[in-house]
Amino acid sequence: EAGVVQSPRYKIIEKKQPVAFWCNPISGHNTLYWYLQNLGQGPELLIRYENEEAVDDSQLPKDRFSAERLKGVDSTLKIQPAELGDSAVYLCASSLGGQGEYRGELFFGEGSRLTVL
Amino acid sequence: AQKITQTQPGMFVQEKEAVTLDCTYDTSDPSYGLFWYKQPSSGEMIFLIYQGSYDQQNATEGRYSLNFQKARKSANLVISASQLGDSAMYFCAMRVTGGGNKLTFGTGTQLKVEL
């Protein structure tokens, strides 16, 4: 079974340029997440989708970040314009969903490492 | 609000020895789940083990076990018979029932296994 696929793995851009990251979740997983991971830190949730609906985007900086999940499968995360502080790893994850005692672990991709110069 | 605390930024262990990675958590929700993930240098987060708040027994998965002490709000990961391939970053995470399926992560512990 294929895992979560992300692209690109690495991206270097100059500040004020736009950038986009793509994620293909595990087949059948209705929940998709984008996490931000700064160097030496744990991942922090940016946005969570249940099918095509964004159910938690409270941590997404909406002035420059946007995301979409068309048809409830693939997702794209965009930054426009990028700032120096956006340099980080952007992790995509998917799950079958879970509440309470249901495990519902998240399966992560390898991440997209962004460097803004 | 939920919080995960990992107080060990780095740990060293000799090959074949056991090691304990500490994790404490804070939540007012009576129903929650605790997770441990491994992140090697390749960057992918790998799920290791899960403990539900109502589970009566400590979780075990192969060489991994979770020392769950509910009253102390701790969920330490124990790795037995360490291997060189265990060298990685380890994250503790929590999900609460009222928060949807969202994981809150700690800051991680970098484990180095030495010969």
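Just above, that's the structure.
Notes on the structure in this doc start here. (Residues numbered from 1 in each chain as written. Chains lettered and ligands numbered in written order. Predicted model: local features only at pLDDT ≥ 70, side-chain atom pairs only at ≥ 80, totals over all residues. Heavy atoms only, no water.)

### Describing the overall build of chain B
Stated formally: Here a helix means four or more residues in a row that DSSP labels H or I, a strand means two or more in a row labelled E, and each is numbered from the N terminus. The size measure is the radius of gyration over C-alpha atoms, and the globule rule it meets is 2.2 Å times the number of residues to the 0.38 power. Under the scheme applied here, a residue whose accessible area is under 20% of the maximum for its type counts as buried, over 50% as exposed, and between as partly exposed, the area being computed with a 1.4 Å probe on protein chains only. Contacts are assigned to residue pairs that have any heavy atoms within 4.5 Å of one another. Throughout, the Shrake-Rupley method with a 1.4 Å probe supplies accessible areas, and for residues the shown protein chains are the sole cover considered.
Along the backbone of chain B there are 0 helices and 12 strands. In chain B, the succession of helices and strands from N to C terminus is β-β-β-β-β-β-β-β-β-β-β-β. Radius of gyration (C-alpha) of chain B: 14 Å, near the 13 Å computed for a compact globule of 115 residues. For the C-alpha atoms alone, the extent of chain B along its principal axes is close to 45 × 30 × 20 Å. Within chain B, the proportion of its 115 residues that are buried is 50%. Within chain B, residue pairs in contact and separated by at least 24 positions form 55% of the contacts whose partners lie at least 6 positions apart. Counting only carbon and sulfur atoms, one obtains 49% of the accessible surface of chain B, whose full area is about 5300 Å².

### Here's the deal with the side chain of A:R64
Assignment of secondary structure puts A:R64 in the loop between strand 6 (53-56) and strand 7 (65-68). Not counting residues within four places of it along the chain, the set of residues in contact with A:R64 comprises A:K78, A:I79, A:Q80, A:P81, A:A82, A:E83 and A:D86.

### Considering the sheet that holds strand 7 of chain A
Residue and element names in this part refer to chain A. Applied cut-off: Two strands are said to pair when DSSP picks up at least two bridges between them. Here the axes come from fitting lines to C-alpha atoms, over the contacting stretch only for helices, and the angles between their N-to-C directions go from 0 to 180 degrees.
Strands sit in the order 1-3-8-7 across an open sheet of 4 strands; the sheet is antiparallel. With one partner strand each, in any of the chains shown, strand 1 (5-7) and strand 7 form the two edges of the open sheet. Sheet twist, expressed as the average angle between the axes of neighbouring strands with direction ignored, equals 15 degrees. Inspection of the sheet shows strand 3 (residues 19-24) paired to strand 8 (residues 75-79) by 5 bridges, in the antiparallel sense. In the sheet register, F21 faces strand 8, and the bridge partner there is L77.

### Description of the interface of chain B and chain A
Formally: Within this document, salt bridges are pairs made up of a side-chain nitrogen of Lys or Arg and a carboxyl oxygen of Asp or Glu, the two lying within 4 Å of each other. Under the rule applied, a polar contact is a pair of N or O atoms within 3.5 Å (in protein, one hydrogen donor and one hydrogen acceptor; residues adjacent in sequence only if both atoms are side-chain atoms).
Each side of the interface is counted separately: chain B has 27 residues, and chain A has 26 residues. Run the count over chain B and chain A and you get 0 salt bridges. Across the chain B-chain A interface, the total number found is 4 residue pairs in polar contact (both at pLDDT 80 or more). Of all the secondary structure elements, the ones that give two or more residues to the side of chain B that touches chain A are strand 5 (32-39), strand 6 (46-52) and strand 10 (88-96) of chain B. The biggest single contributor to the side of chain B that touches chain A is strand 5 of chain B, with 4 residues.

### Focus: the pattern of salt bridges
When charged atoms on two side chains of opposite charge get close, those side chains can pair. Residues and elements named next belong to chain B. On inspection of all chains with the given rule, the structure shows 7 salt bridges over all chains. Residue K73 pairs with D26 through a salt bridge whose shortest N-O separation is 3.5 Å. Of the two residues, K73 is situated in the loop between strand 8 (64-69) and strand 9 (74-79) and D26 in strand 4 (residues 24-26); the sequence distance between them amounts to 47 residues. Given the relative accessible area of 29%, K73 is considered partly exposed.

### Some details on the state of the cysteines
Residues and elements named next belong to chain A. Our working definition: Cysteine sulfurs are considered disulfide-paired once they come within 2.5 Å of each other.
What the rule picks out here adds up to 2 disulfides over all chains. Each sulfur in the disulfide pair C23 and C92 lies 1.9 Å from the other. With the S-S bond torsion at -70 degrees, the cross-link from C23 to C92 turns out left-handed. Separated by 69 residues along the polypeptide, C23 in strand 3 and C92 in strand 9 (residues 88-95) bring together distant segments of the chain. On the basis of relative accessible area, C23 is assigned to the buried category, the value being 0%.

### Things to note about the packing of aromatic side chains
Our working rule: Between rings of Phe, Tyr and Trp, where Trp is taken as its six-membered ring, a pair exists when centres lie within 6.5 Å; planes separated by under 30 degrees are stacked, by over 60 edge-to-face, and by other angles tilted. Think of it as a cone above the ring: NZ of Lys or CZ of Arg counts as a charge over the ring if it is within 6 Å of the ring centre and within 35 degrees of the ring normal.
Applying the stated rule across the entire model yields 14 aromatic pairs over all chains. Judged by centre distance (6.5 Å) and plane angle (40 degrees), the rings of A:F65 and A:Y90 are tilted. A residue pair is termed long-range when its members are at least 10 positions apart, and A:F65 in strand 7 and A:Y90 in strand 9 qualify at 25 residues. Accessibility assignment for this pair places A:F65 and A:Y90 in one class, buried. Their ring planes at 65 degrees and their centres at 6.2 Å tell us that B:F35 and B:F47 sit as a pair that is edge-to-face. Residue B:F35 is found in strand 5, and its partner B:F47 is found in strand 6; the two are separated by 12 residues along the sequence. With respect to class, B:F35 is no different from B:F47; both count as buried. A network of ring pairs unites the aromatic residues A:Y33, A:Y35, A:F108, B:F35, B:Y37, B:F47, B:Y50, B:F91 and B:F105 as a single cluster. The cationic tip of B:R63 hangs over the ring face of B:Y64; the distance from NZ or CZ to the ring centre is 5.7 Å.

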